[in-house]
Amino acid sequence: MLLGDIVKDTTLLFKEKGIETPSLDAEVLISSVLDIDRYKLVSHRDRALDSKEISKIKKYTARRLKFEPVAYIVGVKEFYSLEFIVNRDVLIPRPETELLVDMAVYWGETGGMVLDLCTGSGAVAVALKHNRQDLDVYASDISGKALKTARKNSNNILGPKKIKFFEGDLFAPFKGLRFNMIVSNPPYIDINLKDKMQRDLSFEPESALFAENHGKKIIEDIIKNSINYIKDNGVLLLEIGSDQQEFVRSKGKKHGFTVSVLNDYAGLPRVAVLKR
Ligand code: GLN
């Protein structure tokens, strides 16, 4: 079987299944199996595949046909132009979360202490430290399994011991510390929507996606408790759901923050900047 044919066949299978980006998904999966850059698929289309390659491509294709996200199948996801290891213990970094990193890169005080809560794969903390090596970055997650992946990403991308990782519920590991900046992409999807969620989301860790109280529980806990962990003139940056801006504005105000909210590139409210 020729490479060009298997790309065509796989794309068609994905299309028939109703997968949104059939040709992109086919190309990413196949180039991962062959360990070549995606753009080379075209120039190599007359290359004959061996039986091992074909069987691996078929396995990957079968997984995608069950709606497993491409990132979990190939085991990596690009975020902020860096390559992160991902697996089912961690949320797949979303492009809109790059805006949260942009804001952290901008707002981080020179040499300041920064905390990334709910770090998951470590994407936000690692991308931030990669761009702002002056910052002293701490990161935590309630999931020990997620932290294993975060540590790997930090070691691979930044080198050893560049970020201080802690396991625990939100601020629990940080008693007595005060940070210049706190950032977080916490779970914020309404838990009542769990059954209606997109097919792909069902592969991701529920604890990274859903929160009680219509998705507001963890955001509320972070805003409320951050006043004990943030320095005067510090800043809290939160990724929020597109319907949560009014809630975050009023909660922030109640706890003494000045709040502004930025839209993502899809035009939806996405990042809240809360200043003390
Ligand atoms: N933005 C993600 C999604 O809608 C959710 C991430 C989160 O809950 N922090 O899939």
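In what follows, the accompanying structure is described. (Residues numbered from 1 in each chain as written. Predicted model: local features only at pLDDT ≥ 70, side-chain atom pairs only at ≥ 80, totals over all residues. Heavy atoms only, no water.)

## Describing the overall build of the protein
A count of helical and extended segments in the protein gives eleven helices and eleven strands. Relative to a compact globule of 276 residues, whose C-alpha radius of gyration would be 19 Å, the protein shows 20 Å and is just as compact. C-alpha atoms of the protein, sized along the principal axes, occupy 65 × 40 × 30 Å. For the protein, the residues scored as buried account for 50% of the 276 residues in total. Once local pairs closer than 6 in sequence are excluded, the contacts in the protein between residues at least 24 apart make up 65%. When the accessible surface of the protein is summed, it comes to about 13900 Å², and 49% of that surface belongs to carbon and sulfur atoms. Averaging the positions of the 42 positive and the 38 negative side-chain charges in the protein gives two centres separated by 3 Å. (Helix = DSSP H or I, 4+ residues; strand = E, 2+ residues; numbered from the N terminus. Rg over C-alpha atoms; globule rule 2.2 N^0.38 Å. Buried < 20%, exposed > 50% of the residue type's maximum accessible area, 1.4 Å probe, protein only. Contact = heavy atoms within 4.5 Å. Areas by Shrake-Rupley, 256 points an atom, 1.4 Å probe, with all protein chains shown as cover. Lys, Arg positive; Asp, Glu negative; His and termini not counted. Charge placed at Lys NZ, Arg CZ, Asp CG, Glu CD.)

## So, the nonpolar core
Counting 30 residues, the largest nonpolar core has Phe79, Ile163, Met181 and Leu237 as the members making the most contacts within it. At the level of elements, strand E2 (82–85), helix H6 (98–107), helix H7 (123–131), strand E4 (136–141), helix H8 (144–158), strand E6 (179–184), strand E9 (230–239) and strand E11 (269–275) are the ones that each hand at least two residues to this core. Examining the composition of this core, we find that six residues originate from one element, H7, more than from any other. The next biggest cluster of nonpolar side chains, apart from the first, holds 26 residues, and it includes Ile54, Val70, Ala71 and Val86. (Core = buried A, V, L, I, M, F, W, Y, C linked by side-chain atoms within 4.5 Å.)

## Concerning the site of the ligand
The ligand sits among Leu91, Arg94, Glu96, Asn185, Pro186, Pro187, Tyr188, Ile189, Leu201, Ala208, Leu209 and Glu239. Within the backbone of Pro186, one N or O atom sits 2.6 Å away from a nitrogen atom of the ligand. A distance of 3.4 Å separates an oxygen atom of the ligand from a polar atom in the backbone of Leu209. (Near = heavy atom within 4 Å. Polar contact = N/O pair within 3.5 Å; in protein donor to acceptor, adjacent residues only side chain to side chain.)

## Things to note about the packing of aromatic side chains
Counting across every chain of the model gives nine aromatic pairs. Each member of the aromatic cluster is reached from another via a ring pair, and the members are Tyr138, Phe166, Phe174 and Phe179. One residue, Arg276, lies across the ring of Phe257, its end atom 5.0 Å from the ring centre. (Phe/Tyr/Trp six-rings, centres within 6.5 Å; stacked < 30°, edge-to-face > 60°. Lys NZ or Arg CZ within 6 Å of the ring centre and 35° of its normal.)

## Observations concerning unusual backbone geometry
Of note, Asp35 is a non-glycine position whose phi angle comes to about 55°, a positive value. The backbone of Phe67 sits at a positive phi, close to 70°, despite the residue not being glycine. Within the secondary structure, Phe67 is located in the loop between helix H4 (51–65) and helix H5 (70–74). Its relative accessible area of 14% is what places Phe67 among the buried residues.

## Quick notes on the pattern of salt bridges
Should their charged atoms come close, side chains of opposite charge can pair. Tallying each qualifying case throughout the model produces eleven salt bridges. A salt bridge links Glu204 to Arg94; its shortest N-O distance comes to 2.9 Å. Of this pair, Glu204 sits in the loop between strand E7 (189–190) and helix H9 (206–209) while Arg94 sits in the loop between E2 and H6; the two residues are 110 residues apart in sequence, bridging distant segments of the chain. Owing to a relative accessible area of 21%, Arg94 belongs among the partly exposed residues under this scheme. Its salt-bridge partner being Lys217, residue Asp221 comes within 2.7 Å of it at the nearest N-O pair. In this pair, Asp221 and Lys217 are both assigned in helix H10 (residues 217–226), four residues apart and thus about one turn of the helix distant. Residue Lys217 is classed as partly exposed on the basis of its relative accessible area, which comes to 37%. (Salt bridge = Lys/Arg side-chain N within 4 Å of Asp/Glu carboxyl O.)

## Brief notes about helix H1 (residues 3–17)
For H1, which comprises 15 residues, the first-to-last C-alpha distance of 21 Å matches the rise-based estimate of 21 Å (1.5 Å per residue) to within 8%. Turning to H1, its buried residues are Leu3, Gly4, Ile6, Val7, Thr10, Thr11 and Phe14. The arc that holds every buried residue of H1, seen down its axis, measures 165°, which confines them to one face. In H1, the exposed positions angled more than 90 degrees off the buried face are occupied by Lys8 and Glu16. Lining the buried residues of H1 we find helix H2 (22–34), helix H3 (40–43) and H4. Once H1 finishes, Gly18 follows within two positions and takes phi at roughly 85°, a positive value. (Expected span 1.5 Å × (residues − 1). Arc of directions from axis to C-beta.)

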